[in-house]
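# Working through the structure, step by step
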Amino acid sequence: MRQQPRGDSRGILDPARLLRQVRFRRHLPAVALRPYVEHYWLVDWELTEPLTQQVVPHPAVNVVFRRDGDGPESAEVAGVGRKLFSITLSGVGRVSGVQFRPGGFRPFWRGRSVAELTGRRWPVPSLADRWPPAAGRCDGTDAERRRALDDLLLGWAPAADPVTDEVIGLVEAIRADRTVLRVDDFARRHGLSVRRLQRLFLAHVGVGPKWVIRRYRLQEAVEQAAGGPPDWAALAADLGYSDQAHLVREFTAVIGVSPAAYARSVG
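Described in the following lines is the structure provided in the data block. (Residues numbered from 1 in each chain as written. Predicted model: local features only at pLDDT ≥ 70, side-chain atom pairs only at ≥ 80, totals over all residues. Heavy atoms only, no water.)

### Overview of the pattern of salt bridges
Selection rule: A pair is scored as a salt bridge if a Lys or Arg side-chain nitrogen falls within 4 Å of a carboxyl oxygen belonging to Asp or Glu. With a 1.4 Å probe rolled over the protein chains alone, any residue whose accessible area is under 20% of its type maximum counts as buried; one over 50% counts as exposed, and the rest are partly exposed. Strands are runs of DSSP state E lasting at least 2 residues, helices are runs of H or I lasting at least 4, and numbering of each runs from the N terminus.
A full pass over the atoms with the stated rule returns 24 salt bridges. One salt bridge in this structure joins Arg66 and Asp68, with 2.9 Å as the shortest N-O distance. Asp68 gets classed as partly exposed once you look at its relative accessible area, which sits at 36%. Across the pair Glu172 and Arg175 runs a salt bridge whose closest N-O atoms are separated by 2.7 Å. Of this pair, Glu172 and Arg175 both sit in helix α3 (residues 162-176), 3 residues apart, which is roughly one turn of the helix. Classification of Arg175 by relative accessible area gives buried; the value is 19%. Taken together, the salt bridges that share partners define one network made up of Arg6, Asp8, Glu38, Glu172 and Arg175.

Next up, the structure:
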């Protein structure tokens, strides 16, 4: 089990600019929650002019608590986003977020299909029958905010589920292994039919396995581009695209600019 949260910037567009203008950090949850929760992410800002930030969403559910200035705290459950996510921050504010491991939200959703949430953002108060009341998660020190999130999630007491564990492991295998490029090959490697694999992913992750494979490879392309223009043809081959043009088409469709233009913009 990991002892430190992820340190990469995968999914964040122009991460250097973001880190110059806001305080962004990740923390691990309580040990009992780590099978389900990737990390907590905290953001604080005090801006003199608005900042628009874009993110290529992970195949993961987030629960987000936000307070702008001295206003009331809002809370929402954000399902897997299929499109580029954009948010504008201004003035003073704070966010305390929970990023679940892909597949890890299902026990907190009382066994219902996580696909219900895909592409949607639901206010937590409207989910009182499925989610405990929550408030005050943006206040205090990092340690206090972490404890508040721990208390919230531990209070929900998710039940252990071997199928959830199986799906989390399958998604992690896709994320960690660049050689995973085709759904049928991946299903065969794990002794599953393609149909069962698709049903498992829709119910527990919210999107299908093909989408997860393509999203992780695209995120890696974005991260490498932020580090300086790579050899695009070699990168396309390494990430399983049919050719450089295929990478350019998919990158442009999601990000809105070509890989080369993005690399120049963050360089």
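Continuing now.
### Observations regarding the packing of aromatic side chains
Stated precisely, the cut-off is as follows: Note on aromatic pairs: the rings of Phe, Tyr and Trp (six-membered ring only in Trp) are paired at centre separations within 6.5 Å, and the planes decide the class, stacked below 30 degrees, edge-to-face beyond 60, tilted for the rest.
Using the criterion set out here, one finds 7 aromatic pairs in the structure. Geometrically, the ring pair formed by Phe100 and Phe105 is edge-to-face, given 4.9 Å between the ring centres and 75 degrees between the ring planes. Each member of the pair, Phe100 together with Phe105, is buried. Relative to Trp109, the ring of Phe105 lies with its centre 5.8 Å away and its plane at 35 degrees, an arrangement referred to as tilted. The two residues Phe105 and Trp109 agree in class, both being buried. By way of ring pairs, the aromatic residues Tyr36, Phe100, Phe105, Phe108, Trp109 and Trp122 are connected into one cluster.

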